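# Descriptive structure summary
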Amino acid sequence: MDDTTLRLRSHKRVSGYPVQDQEAAANPRPHVIAQLGQSLDGRIATTSGESKYINGPHALDHLHALRASVDAVVVGVGTVCADDPLLTVRRIAGVSPARVVIDPSGRVDPNARCFAEDGVRRLVVRRRSVVAPPLPDGVEVVPMDDAPAFDPSAVLQSLVQHGFRRILVEGGPTTLSAFLEADLVDQLHVFVSPVILGAGRIGLSRKACDTLAHALRPKAQVHVFADGDVLFRCDLRESARGAGSRDAPSPVEANPPDEQHVSSRALRAAG
Ligand SMILES: NC(=O)c1ccc[n+]([C@@H]2O[C@H](COP(=O)([O-])OP(=O)(O)OC[C@H]3O[C@@H](n4cnc5c(N)ncnc54)[C@H](OP(=O)(O)O)[C@@H]3O)[C@@H](O)[C@H]2O)c1
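Along each chain, residues carry numbers from 1 onward, in the same order as the chain's sequence is written. Two thresholds apply to this predicted model, a pLDDT of at least 70 for residue-level local features and 80 or more for giving and counting side-chain atom pairs, whereas whole-chain, interface and lining totals are computed over all residues. Based on all heavy atoms of the structure, the side-chain values leave hydrogens and waters out of the count.

## So, the overall build of the chain
- Only DSSP runs of H or I covering at least 4 residues are called helices, and only runs of E covering at least 2 are called strands; the numbering of each starts at the N terminus. In terms of regular secondary structure, the chain is built from 7 helices and 11 strands.
- Categorising residues by exposure relies on relative accessible area from a 1.4 Å probe, with only protein chains included: less than 20% of the type maximum marks a residue as buried, more than 50% marks it as exposed, and the intermediate range marks it as partly exposed. Expressed as a percentage of the 271 residues in the chain, the buried residues total 44%.
- A separation threshold of at least 6 residues defines the contact pool for the chain, and within that pool the share at least 24 residues apart is 69%.
- Exposure was quantified through the Shrake-Rupley algorithm and a 1.4 Å probe, taking into account, for residues, occlusion by the shown protein chains and nothing else. Surface exposure of the chain reaches about 13,600 Å², of which carbon and sulfur atoms provide 56%. Contacts were defined at the residue level, with two residues in contact if any of their heavy atoms lie within 4.5 Å.

See the structure below:
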């Protein structure tokens, strides 16, 4: 496990979110983290929809630590259909968050693994009028107005009303992009793996910008994992081009000795 994972985990479990708690008191809006694992060429899945596992074990540990740091993890029904994820924190010691599936039309399989009864809250966000096969006992339904697409801020508001303040939007691309476009994401963790898929789903999309000056350019920290995956931890509330930082490179986090060793060895091998 890497140092970033450890820091994330201790943030909630040991230090108990002192900063976020103060923020929560002052700000009724929840804190939203989003994550994405992608290839060097920006793909989050192959053309057949396969995305397990673009990233290596270190990134997966970090993802599980991210889950352990939030109250609820949100995925779209497309991800449940494609990957049938568990959405637990089984790779690390920690408490699994509630699992929320956005499923407007009620097409999710009631036997999906994320609905397994394990003492964790499970919720489905869907249109009020939907008629669908019964969900397993204990799965809560969050009803939304009958719009073609849900306003992500309305979804977020409902989640707050259900008691969740820290939310991880874990994918897939449709869900994540909707939250991003609505400017609801505070922190974005993008794991880039040194693999090239050639084609496949693009992860992030938002309305096009005509010029680079209008591009989203969040302040980012970069972390290199021992297996070659790279994490961009982006603070979407702060621009990298804020006061005085126009051309400043993203700070690379100090790696643990092992990772530095691997990096320098790899560099030497590469000539
Ligand atoms: N690499 C990664 O990090 C990662 C992570 C997760 C998933 N994936 C991959 O992503 C692919 C699935 O992509 P996807 O875009 O279909 O997945 P998705 O975002 O999980 O699901 C999209 C579906 O969720 C519903 N939805 C989400 N937000 C909504 C909103 N605001 N309003 C109304 N409905 C909303 C819609 O369902 P309806 O169509 O029923 O209306 C929509 O089609 C899979 O191949 C999976 O493996 C990759």
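## Examining the site of the ligand
- Taken together, 25 residues lie near the ligand, and Thr79, Arg107, Phe150, Thr174 and Thr175 sit nearest.
- Between the ligand and the protein, one listed contact pairs an oxygen atom with a side-chain N or O atom of Ser51 at 2.8 Å.
- Within 3.5 Å is the distance limit for a polar contact, defined as a pair of N or O atoms, with the added protein rule that one can donate a hydrogen and the other accept it, and that residues adjacent in sequence qualify only through two side-chain atoms. In the environment of the ligand, an oxygen atom lies 2.8 Å from a nitrogen or oxygen atom belonging to the backbone of Gly172.
- Mapped onto the shell around the ligand, the elements with two or more residues apiece are β1 (31-39), β2 (43-45), α4 (77-83), β7 (166-171) and α6 (173-181).
- Counting residues per element, the shell around the ligand draws most heavily on α4, which supplies 5 residues.
- The classification used treats Ala, Val, Leu, Ile, Met, Phe, Trp, Tyr, Cys and Pro as nonpolar, Asp, Glu, Lys and Arg as charged, and all other residues, Gly among them, as polar. Along the lines of polarity and charge, the residues of the shell around the ligand split into 10 nonpolar, 11 polar and 4 charged. For this purpose, a residue is taken to be near a molecule or strand whenever a single non-hydrogen atom of the residue falls within 4 Å of it.

## Focus on the pattern of salt bridges
- Only one rule defines a salt bridge in this text: a Lys or Arg side-chain nitrogen within 4 Å of an Asp or Glu carboxyl oxygen. Under the criterion given, the structure shown has 12 salt bridges.
- Across the pair Arg121 and Glu140 runs a salt bridge, and its minimum N-O distance is 2.9 Å. Here the residue Arg121 occupies a position in the loop between β4 (98-102) and β5 (122-127), and Glu140 occupies one in strand β6 (residues 140-144), the gap between them amounting to 19 residues.
- Look at Glu140 and you get partly exposed, because its relative accessible area is 24%.
- When the shortest N-O distance is used, the salt bridge between Arg237 and Asp186 registers 2.7 Å. One end of the pair, Arg237, is in strand β11 (residues 230-239); the other, Asp186, is in the loop between α6 and β8 (187-193), and 51 residues separate them in sequence.
- On the basis of relative accessible area, Arg237 is assigned to the partly exposed category, the value being 39%.

## A closer look at the packing of aromatic side chains
- Only Phe, Tyr and Trp rings are paired, with Trp represented by its six-membered ring, and only when their centres lie within 6.5 Å; those with planes under 30 degrees apart are stacked, over 60 edge-to-face, the remainder tilted. The tally for this structure, following the rule as stated, stands at 1 aromatic pair.
- With 6.4 Å between their ring centres and 35° between their planes, Phe191 and Phe225 make a pair best called tilted. With a gap of 34 residues between them, Phe191 in strand β8 and Phe225 in the loop between β10 (218-224) and β11 connect regions that are remote in the sequence.
- The exposure class of Phe225 is buried, given its relative accessible area of 2%.

## Description of the sheet that holds β8
- Pairing between two strands requires that DSSP report at least two bridges joining them. On the basis of which strands lie adjacent, the open sheet formed by 9 strands has the order β6-β5-β4-β3-β7-β1-β8-β11-β10 and mixed pairing. For this open sheet the edge positions go to β6 and β10, each flanked by a neighbour on one side alone. When the angles between neighbouring strand axes are averaged without regard to direction, this sheet yields 20°.
- Lines are fitted to the C-alpha atoms to define the axes, a helix being fitted only along its stretch in contact, and any angle between axes, read from their N-to-C directions, falls within 0 to 180 degrees. Running at roughly 140° to β6, helix α5 (residues 152-161) makes contact with β1, β3 (72-76), β4, β5, β6 and β7 of the sheet.

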